[in-house]
Each structure stands twice: as C-alpha cells, then as structure tokens.
Amino acid sequence: MSITDIPLTTLAGEPTSLADYADRAVLVVNVASKCGLTPQYSALETLARDYADRGLTVLGVPCNQFMGQEPGSAEEIQTFCSTTYGVTFPLLEKTDVLGPQQHPLYAELTKTPDADGVAGDVAWNFEKFLLAPGATVTHRFRPQTVPDAPEVISAIEAVLPK
C-alpha cells in the first residue's frame, strides 16, 4: 500500500487521504493545544497562507500521547485552533503517532530519518514531515525546529510544484 492510499479522517469526521494532496507539497505536523510548543501554530498558519498558492498544504494531526497535551474533543480542538491561532489549514482526527496503536501514516512517516540520520518514533508534539508532490517524504524536522526556520523554508521551496 502506498502512503497515498492510507485512509485518513479529518477532524470533522470526513474521509480523506494524502492522495487528495498528490499534486501539492505537504507538511504533516503532529499538534497539541496545551504544549510549550503550541505557539508553533502561528508559524504553521503563516506557512499555510504564504505558500498555499505555490502548492503547499500544512496538515495538522492532533495527538494526545505526549503528557495528555491534546485532551480536547474534535470540536474543542477546532475552536481552540481557529480562535487562538487563526488556523485555516486542514486538521485530521486525533491520532496515535507512536506505540501499539500507531496510525499507519506515522508507521510510514517515521521510517524517514532526520538531519542527523535518526529515524524512528516521533519525539514530541510538533514533529514535522515534508512530503513532495506525489507524497514522497523528503525531510523530517524534530519538534524544536520551528516551522519558519531557514532549513524548513529552504526544504519547502525545493519541493514546491513547479
């Protein structure tokens, strides 16, 4: 099964998959509302808006596996994201990104090594995976790397559809 065939569900409960974004670059980020890194939502929204017309989609994946930092319901998550950070980019349903119930999407994404050559489990909230059009995973950025860091911007610009 290709990564584009893995069934996903939006925060609103609608079916989707990465195939819906096949012609775009996608930045997949596991997110949380009560984390010290939550302010990264602002930079993610800026990326989503600034690069949307150039072919980038930011895809947020709420996860409650790191110290219970995403405890809310789908409605609470959506309200928090839109009212606190003005988030307009798509959000998926709350998902396990590691452990025995790890979502198949993350089973594939975590095979990708970071800049230090380390693959494996997601370290914390706000880990970022960049996919080129066609859903090839090209980069992995650990949580402390902010979305507007030069290395993230450069990687995004390198994979934007021409």
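Residues numbered from 1 in each chain as written. Predicted model: local features only at pLDDT ≥ 70, side-chain atom pairs only at ≥ 80, totals over all residues. Heavy atoms only, no water.

Going by the annotation in an unreviewed UniProt entry, the name recorded for the chain is Glutathione peroxidase, with Mycolicibacterium tokaiense given as the source organism. Word for word, the UniProt comment on the chain under Sequence similarities (unreviewed entry) is "Belongs to the glutathione peroxidase family." (UniProt positions renumbered as here; feature names shortened; annotations may be inferred.)

**Details of the pairing of strand β4 (residues 56-62)**
Burial of β4 is extensive: seven of the seven residues sit out of reach of the surface. Two strands pair when backbone bridges link them, and strand β3 (residues 25-31) and β4 are joined in this way by seven bridges, in the parallel orientation. Opposite Ala 25, over in β4, you have Leu 56 as the bridge partner. Read as a crossover between parallel neighbours, the route from β3 over helix α1 (residues 40-51) to β4 is right-handed. (Buried < 20%, exposed > 50% of the residue type's maximum accessible area, 1.4 Å probe, protein only. Helix = DSSP H or I, 4+ residues; strand = E, 2+ residues; numbered from the N terminus. Pairing = 2+ DSSP bridges. Right-handed = clockwise from strand over helix to strand, strands pointing away.)

**What about α1?**
Here α1 contains twelve residues, and its C-alpha end-to-end distance of 16 Å stays within 8% of the 16 Å for a straight helix at 1.5 Å per residue. Along α1, the residues classified as buried are Gln 40, Tyr 41, Ala 43, Leu 44, Glu 45, Leu 47, Ala 48 and Tyr 51. (Expected span 1.5 Å × (residues − 1).)

**Some details on the side chain of Thr 112**
The residue Thr 112 is located in the loop between α3 (104-109) and β5 (128-132) in this model. Looking at Thr 112, the relative accessible area reads 13%, which means it is buried. When sequence neighbours within four positions are dropped, the list of residues in contact with Thr 112 reads Val 118, Ala 119, Val 137, His 139 and Arg 140. (Contact = heavy atoms within 4.5 Å.)

**Re the UniProt feature "active site" (unreviewed entry) in the chain**
UniProt records the feature "active site" (unreviewed entry) for Cys 35 in the present numbering. Inspection of the secondary structure assignment puts Cys 35 in the loop between β3 and α1. Residues contacting Cys 35, with those up to four places away along its chain left out, are Gln 69, Trp 124 and Asn 125.

**With respect to the packing of α1 against helix α2 (residues 74-85)**
Following both chains from N to C, one finds α1 and α2 inclined at 80°, their axes separated by 10 Å at the closest point. With respect to α2, the axis of α1 lies roughly perpendicular. Residues Tyr 41, Ser 42 and Glu 45 of α1 touch α2, and the partners they reach there are Phe 80, Cys 81 and Tyr 85. Across the contact of α1 with α2, the residue classes tally to four nonpolar, one polar and one charged. (Axes fitted to C-alpha atoms, helices over the stretch in contact; angles between N-to-C directions. Parallel < 35°, antiparallel > 145°, perpendicular 65-115°, else oblique. Nonpolar A, V, L, I, M, F, W, Y, C, P; charged D, E, K, R; others polar.)

**Some details on the pattern of salt bridges**
Inspection of every chain in the model, using the stated rule, returns five salt bridges. With a shortest N-O distance of 2.4 Å, Arg 49 and Glu 45 are connected by a salt bridge. Pair noted here: Arg 49 and Glu 45 are both in helix α1, with a separation of four residues, about one helical turn. The residue Glu 127 makes a salt bridge to Arg 142 at a minimum N-O spacing of 2.9 Å. Here the residue Glu 127 occupies a position in the loop between α3 and β5, and Arg 142 occupies one in the loop between β6 (136-141) and α4 (150-159), the gap between them amounting to 15 residues. Salt bridges linked by common partners bring Asp 114, Glu 127, Arg 140 and Arg 142 together as one network. (Salt bridge = Lys/Arg side-chain N within 4 Å of Asp/Glu carboxyl O.)

**Focus: the pairing of β5**
When you tally the buried positions in β5, you get five out of five residues, the bulk of the element. Judged by which residues are buried, β5 turns out to be covered on both faces: Lys 128, Leu 130 and Ala 132 on one side and Phe 129 and Leu 131 on the other are all buried. For β3 and β5, the ladder comprises four bridges, and the chain directions are antiparallel. Within the sheet, the bridge partner assigned to Val 28 lies in β5 and is Phe 129.

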